[in-house]
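Chain by chain, the residues run as shown.
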Amino acid sequence: MIYQRACDIVTDEVFLELDRILPDSRLFLKLEGMNPAGSVKLKSALGMVEDAERKGRLWPGGRIVESSSGSLGIALSVIAAARGYRFTCVTDPNVSPQSLALIRALGGDVVQVTRRDRNGGYLGTRIARIREMTAADPGLVWLNQYANPANAQAHAQRTATSILKNIGQVDVLLVGAGTTGTLMGCTRHFRAFSPWTRIVAVDTAGSVTFGGPPGPRYIPGLGTSRRPELCRPDRVDEVVLVDESDAVRMCRRLARDHGLPAGGSTGSVLAALGSLADRIPPGSRVVALSPDMGDRYDKTIYDDLWVADTFGAGVHDGTAARPVAV
């Protein structure tokens, strides 16, 4: 296929069937990282930018600002470069050096906050910084991925539709929760067209998105230190919290046993199956979303020294074991 712009290359129909992780059922991993932005966030970014264009908020030469721990910042940088916008990413110390370098290489500007918010994370601080910036410069367009309905709508139209088109019957769907845009978009579509599907939200221990106690988090992707406005907990059937150490174990198992280096969010989603496996009937068809690949995590998840310093010795091997359903 021939495209005119890199940001239009959305690979939405790539699935990997995994064995040995969920015995007696078929497990399909939807690979979202095989596009120029490297993550599922390209769909979120396109949805929000195109919505802003339709509403007359963005025009050629416009300036975008957004809060991101990495993936959405890269996606918006790709779109900005392709469509002639200027983009500023407000991020924090948990962003990977690779993501920072890529945002800058794509022409994006970076503002990095260092003060934690009242829940021990950085999201509140990042948003406060954006509010200061937009108040001082009304020409900045904040897309606000945490509250923008276009974020969720992009995944209702693309992600969820692709799953049902390609897999057909889906008994269980597992989706990681960050901004909850992907999660809420999938719940909207599945409730309308596959209401029998059991939808499981996967979050990181230490995240407050679903009412859990705040705690330290080191891997960008899942979890928040304030509940996103998009989030509707009543629309999912179950929430599973996963320790980041178990996400690391699962990522390494996936690379070692299946030849697939994936990002931390993928490790969390697959690790969550540990608390679900005995409640999934044999013969079920299960779909799990993999938001990105592992190339941006070579200095963290796949680095033995970083893993040992962050989570302790022994985490770099073994399998995930401590997900908690809430």
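Residues numbered from 1 in each chain as written. Predicted model: local features only at pLDDT ≥ 70, side-chain atom pairs only at ≥ 80, totals over all residues. Heavy atoms only, no water.

Q: Any chance you could break down the sheet that holds strand S3 (residues 63-67) for me, citing the residues and the numbers?
A: Strands sit in the order S5-S4-S3-S6 across an open sheet of four strands; the sheet is parallel. For this open sheet the edge positions go to strand S5 (109-112) and strand S6 (140-142), each flanked by a neighbour on one side alone. Each strand of the sheet is rotated relative to its neighbour by a mean of 25°, with strand direction disregarded. With five bridges connecting them, S3 and strand S4 (residues 86-91) associate as parallel partners. Note on S4: the bridge partner recorded for Ser-67 is Val-90. The strands touched by helix H2 (residues 71-83) are S3 and S4; relative to S4, the strand with the most contacts, the crossing angle is about 175°. (Pairing = 2+ DSSP bridges. Helix = DSSP H or I, 4+ residues; strand = E, 2+ residues; numbered from the N terminus. Axes fitted to C-alpha atoms, helices over the stretch in contact; angles between N-to-C directions. Contact = heavy atoms within 4.5 Å.)

Q: Explain unusual backbone geometry residue by residue, including any values.
A: You will see that Asn-144, though not glycine, has its phi angle at about 55°, which is positive. Along the chain, the position of Asn-144 falls in the loop between S6 and helix H5 (149-167). Asn-144 sits in the buried class, given a relative accessible area of 16%. Unusually for a residue other than glycine, Thr-180 sits at a positive phi of about 75°. Residue position: Thr-180 is located in the loop between strand S7 (172-176) and helix H6 (181-193). (Buried < 20%, exposed > 50% of the residue type's maximum accessible area, 1.4 Å probe, protein only.)

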